[in-house]
Amino acid sequence: MDNLPDDQPSSQADQKPCRSCGKPIDPSDPCYPFCSDRCRLVDLGAWFNESYRVSRPLDEVDELD
Ligand SMILES: [Zn+2]
């Protein structure tokens, strides 16, 4: 199957997936490793959520007895 579309540049091999949405992005992009500022904020927000969840006290565990 050699019917690759012409809009697939050979340089795509140099692209990396956006860390937030997985969309291919050129490492030379100012937003790298994200495809946009929005994805960067989404990833940052997810990181804060994860950090907040881990640092929460597990008070509910005492109720399981
Ligand atoms: Zn993205």
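Structure: above.
Structure report, in brief. Predicted model, so just to flag it, every value in this text is computed and none were measured.

For a metal bound by four donors in a tetrahedral arrangement, the ideal donor-metal-donor angle is 109.5 degrees, while six donors in an octahedral arrangement ideally sit at 90 or 180 degrees. At this site the zinc ion is bound by Cys18 (SG), Cys21 (SG), Cys35 (SG) and Cys39 (SG), with donor distances of 2.3 to 2.4 Å. Considering all four donor atoms around the zinc ion, angles at the metal cover 103 to 116° and the coordination shape is tetrahedral. In primary sequence terms, the donor set of the zinc ion follows C-x2-C-x13-C-x3-C. Taken together, the residues Cys18 in the loop between strand S1 (16-17) and strand S2 (24-25) and Cys35 in the loop between S2 and helix H1 (37-55) connect sequence positions 17 residues apart. According to the relative accessible area criterion, Cys35 is partly exposed, its value standing at 23%.

Okay, the pattern of salt bridges next. In the structure shown here, the tally under the stated rule is one salt bridge. The salt bridge partner of Asp37 is Arg40, with a shortest N-O separation of 2.2 Å. On the criterion of helical spacing, the pair formed by Asp37 and Arg40 is a turn pair, its members being three residues apart in helix H1. Given the relative accessible area of 44%, Asp37 is considered partly exposed. Among the residues examined, Arg40 registers a relative accessible area of 36% and is labelled partly exposed.

Scoring rules and cut-offs
- All residue numbers refer to positions counted from 1 along the written sequence of the respective chain.
- In keeping with the model being predicted, local features are shown solely for residues with a pLDDT of at least 70 and side-chain atom pairs are shown and tallied solely at 80 or more, while totals for entire chains, interfaces and linings include all residues.
- Each side-chain value is worked out from all heavy atoms of the structure, with water and hydrogens disregarded.
- Because water is not among the atoms used, a metal site may look incomplete, as its donors are only the N, O and S atoms within 2.8 Å, or 3.2 Å for Na, K and Ca.
- Irregular is the default label, applied whenever a site is not tetrahedral (four donors, all angles between 85 and 135 degrees) and neither square planar nor octahedral (four or six donors, opposite donors over 155 degrees apart, all other angles between 65 and 115).
- By the criteria applied, helices consist of DSSP H or I runs no shorter than four residues and strands consist of E runs no shorter than two, each listed in order from the N terminus.
- Residue exposure (1.4 Å probe, protein chains only): buried if accessible area is under 20% of the type maximum, exposed if over 50%, otherwise partly exposed.
- Between Lys or Arg on one side and Asp or Glu on the other, a salt bridge is scored when a side-chain nitrogen of the former is within 4 Å of a carboxyl oxygen of the latter.

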